[in-house]
Amino acid sequence: MPTHHDTPPHQGNLFTALRASFPTNLDATAVETDNGLFYTWRDLDRATAKMANLLDSLELPEGSRVAVQVEKSVEALILYLATLRAGFVFLPLNTAYQSAEIEYFIGNAEPAVVVCTEKNFGWVSKIAFKAGTKHVFTLSENVTGSLLDRAANLSDQHEIAIKNSDDLAAILYTSGTTGRSKGAMLTHGNLLSNALVLKDYWGWRTPDQGGDVLIHALPIFHVHGLFVAIHGALINGSKMIWLSKFDPKVVLEKMPEATIFMGVPTLYVRLLAEPGLNQDVVKNMRLFIAGSAPLLIETFNAWQTQTGHTILERYGMSETAMLTSNPYDTKQGERRGGTVGFPLQGVTIRVQDEKNKTLPTGEIGNIEVKGPNVFKGYWRMPEKTAEEFTADGFFKTGDVGKYDERGYITIVGRSKDLIISGGYNVYPAEIEGYLNDLPGIEESAVIGIPHPDFGEVGVALLIAKKGIILDHAKIIANMKANLANFKVPKQCFVIDALPRNTMGKVQKNILREQYAKGL
Ligand code: MCA
Ligand code: AMP
């Protein structure tokens, strides 16, 4: 384990490495938005300094969290980078979360600072102040808000905070199979090691090597958009074409000026449906990356046929950033559809049986991982953290898969009860808990069924209390009023009883077979 004085402490700050990668010509464009705004590297440097000075002016305790629920914007990107620069812990929250969800996250993380949209300030600030947060700022996607007003007149010079590589940089909430979300604690070292490995493995070209241009069309409150995409571009001094929201037509419009695109499978499915997708529009592109959910071989093949490009699929988790990837350089192997490639450099992956014995090639088991990418643990949940690591320090991913004879890893399923819909995780336990509390519902089961656009979507099976007739529309409306919209089951069915095994456990696999015909 390298002792900390090996690298000067402030070198441990991820922002130091990102800032050191800015091109020499600071007046070049760093970010170009879909609504015609241009930000130079100098703009990023000055704006992050001003915002970091604002955070410093609050005299926050070491390790303070900055919770952020704002629409995607370059100012939100600047806030993320400023939080790193000032040495605090960034906590991004999905913009779809409603008050009950936000109340949980703020109660659990106890952020010193909360940044929300001007529209949501009323209810978010109430929750935040009640939980002891002292500073609530606003930031809206039309470049307004108290955060910008307060930072505007501060100095554009800022000494990057000294951090060790195992200091926290971010907390990302992700849920397990049971109960409430857990805050995955990611360190500066986790994120920097992953960014450096991917920069090399995906063949990123710095400006003096011909340069790269990334189309960024993902949300920035999850690992894919916030770390893999943003760090990839910044650590390489590459321009980002910044879309406030995914729109397939806009992505196609930008492709002739870009070289790299990252997306969850749903984005590829929607691009394939565009008549404008052809070999011509992609001729300047060099790399299409997919992940966050299974990429169907049909999508992989259709993309190859329609564009001539072979999608590079990789595998990641909030707790581990990226673990594996198909190769970019064909000398290291072909990109094999249906697989997630090889463990990244420095990452060890094993496939274990139920007795924690390592399985041979070809045999399906539980995927476990060890490496500099693996998180520090769950925020204030030491017991839960301990449960998810083996005695010899491997993290249990909850994914089920195998190695093939050429060393490629295939994910064949999940041991955790999880639905991944359009790249967002939906936890049946959370939805079931909510449904079971509704009047008239005896019990419920939420399962994932195939969906042509989102990959899979949730469907709820409801058991009514004796003598009660359940009103589906009312139940759905109730969930929409209280839960993030993407979590709401796309359909509800009332049935007499849930199939159970001899242990009394609900047999969701039987339900999935019964309802797999889709909507
Ligand atoms: C929107 N809707 C959804 C989803 N998104 N329903 C199910 N699943 C979804 N993902 C519903 C909304 O509730 C709404 O329904 C209707 O679709 C339209 O909403 P809208 O927001 O306009 O949807 P959209 O613009 O079509 O969004 C689809 C999307 C978005 C662009 C695919 O979901 C997206 O950006 N997904 C990316 C998620 C992501 O970044 N994942 C990375 C996680 P209603 O009208 O009824 O309200 S990081 C990760 O997994 C690991 C670490 C890794 O490996 O990267
Ligand atoms: P989360 O950490 O909550 O964002 O979700 C991580 C989960 O997404 C992983 O545990 C996998 O189940 C799933 N996942 C990520 N990338 C892939 C992929 N390329 N193929 C299949 N599943 C994936």
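In this text, all values refer to a predicted model and were calculated from it rather than measured experimentally.

The next thing to look at is the site of ligand 2. Taken together, 20 residues lie near ligand 2, and Arg314, Ser318, Asp399, Lys416 and Asn425 sit nearest. At 3.0 Å, a side-chain N or O of glutamate 313 approaches a nitrogen atom of ligand 2. In the environment of ligand 2, an oxygen atom lies 2.7 Å from a nitrogen or oxygen atom belonging to the side chain of aspartate 399. Burial of ligand 2 by the protein chains amounts to 92% of its free accessible area of 500 Å².

Let us look at the site of ligand 1. The immediate surroundings of ligand 1 are formed by 25 residues, with Lys245, Arg270, Arg314, Ser421 and Lys480 found nearest. Separating an oxygen atom of ligand 1 from a side-chain N or O atom of arginine 314 is a distance of 2.6 Å. For ligand 1, a nitrogen atom lies 3.0 Å from a polar atom in the backbone of glycine 423. For ligand 1, whose free accessible area comes to 1000 Å², the fraction covered by protein is 77%. Of all the secondary-structure elements, those providing two or more residues to the shell around ligand 1 are helix H8 (223–234), helix H10 (265–272) and strand E13 (312–317). Grouping the amino acids of the shell around ligand 1 by side-chain chemistry returns ten nonpolar, ten polar and five charged.

With that settled, consider the confidence of the model for the chain. Note: predicted coordinates in regions of low pLDDT should not be interpreted at a detailed level. Scored by pLDDT, the chain comes out at a mean of 95, with 97% of its residues at no less than 70. Confidence drops under a pLDDT of 50 for residues 1–7, and excluding neighbours within four residues, the segment shows two contacts in the predicted structure.

What follows deals with the pattern of salt bridges. Counted by the stated rule, this structure contains 30 salt bridges. Ionic pairing is found between aspartate 27 and arginine 42, a salt bridge with its closest N-O pair at 2.8 Å. Residue aspartate 27 is located in the loop between helix H1 (14–20) and strand E1 (29–33), and its partner arginine 42 is located in helix H2 (residues 41–57); the two are separated by 15 residues in the primary sequence. Overall, the relative accessible area of 36% leaves arginine 42 in the partly exposed class. One salt bridge connects arginine 336 with aspartate 404, and the closest N-O pair in it is separated by 2.6 Å. Of this pair, arginine 336 sits in the loop between strand E14 (321–325) and strand E15 (342–343) while aspartate 404 sits in the loop between strand E19 (395–403) and strand E20 (409–414); the two residues are 68 residues apart in sequence, bridging distant segments of the chain. Note on aspartate 404: relative accessible area 11%, which makes it buried.

Let us look at the sheet that holds strand E23 (residues 441–451). Across the sheet, which stays open at both edges, the three strands sit in the order E23-E24-E25 with mixed pairing between neighbours. Looking at which strands have only one partner, the edges of the open sheet turn out to be E23 and strand E25 (491–494). Taking the axes of each pair of neighbouring strands and ignoring which way they run, one obtains an average angle of 25° across the sheet. Pairing analysis gives four bridges linking strand E24 (residues 455–464) to E25, with the strands arranged parallel. Looking at E25, one finds that alanine 460 is bridged to cysteine 492. Contacts from helix H13 (residues 428–436) reach E23 and E24 within the one sheet, and its direction differs from that of E23 by about 145°. Where helix H14 (residues 472–482) meets the sheet, its contacts fall on E23, E24 and E25, and the angle it forms with E25 comes to roughly 135°.

Attention shifts here to the packing of aromatic side chains. Inspection of every chain in the model, using the stated rule, returns 18 aromatic pairs. Here tyrosine 97 and phenylalanine 105 contribute two aromatic rings whose centre-to-centre distance is 4.9 Å and whose plane-to-plane angle is 45°, an arrangement assigned as tilted. Look at phenylalanine 389 and phenylalanine 395: their rings are 5.4 Å apart centre to centre, the planes differ by 55°, and that puts the pair in the tilted class. Grouped by ring-pair contacts, the aromatic residues Tyr97, Tyr104, Phe105 and Tyr173 constitute a single cluster. Of note, arginine 286 hangs over the ring of tyrosine 328, and the distance from its end group to the ring centre comes to 4.9 Å. Taking NZ or CZ as reference, arginine 350 lies 3.7 Å from the ring centre of phenylalanine 394, over its face.

Once that is clear, we can look at H10. Residues separated by three or four positions in an α-helix point in the same direction, a consequence of the helix having 3.6 residues per turn. Of all eight residues in H10, six are buried; the element is thus mostly enclosed. By the burial criterion, the buried members of H10 are Pro265, Thr266, Leu267, Tyr268, Leu271 and Leu272. Its buried side turned inward, H10 meets helix H9 (248–254), strand E11 (260–263), strand E12 (287–290) and helix H11 (297–307).

Definitions and cut-offs
Residues numbered from 1 in each chain as written. Chains lettered and ligands numbered in written order. Predicted model: local features only at pLDDT ≥ 70, side-chain atom pairs only at ≥ 80, totals over all residues. Heavy atoms only, no water. Near = heavy atom within 4 Å. Polar contact = N/O pair within 3.5 Å; in protein donor to acceptor, adjacent residues only side chain to side chain. Areas by Shrake-Rupley, 256 points an atom, 1.4 Å probe, with all protein chains shown as cover. Helix = DSSP H or I, 4+ residues; strand = E, 2+ residues; numbered from the N terminus. Nonpolar A, V, L, I, M, F, W, Y, C, P; charged D, E, K, R; others polar. pLDDT = per-residue confidence, 0-100. Contact = heavy atoms within 4.5 Å. Salt bridge = Lys/Arg side-chain N within 4 Å of Asp/Glu carboxyl O. Buried < 20%, exposed > 50% of the residue type's maximum accessible area, 1.4 Å probe, protein only. Pairing = 2+ DSSP bridges. Axes fitted to C-alpha atoms, helices over the stretch in contact; angles between N-to-C directions. Phe/Tyr/Trp six-rings, centres within 6.5 Å; stacked < 30°, edge-to-face > 60°. Lys NZ or Arg CZ within 6 Å of the ring centre and 35° of its normal.

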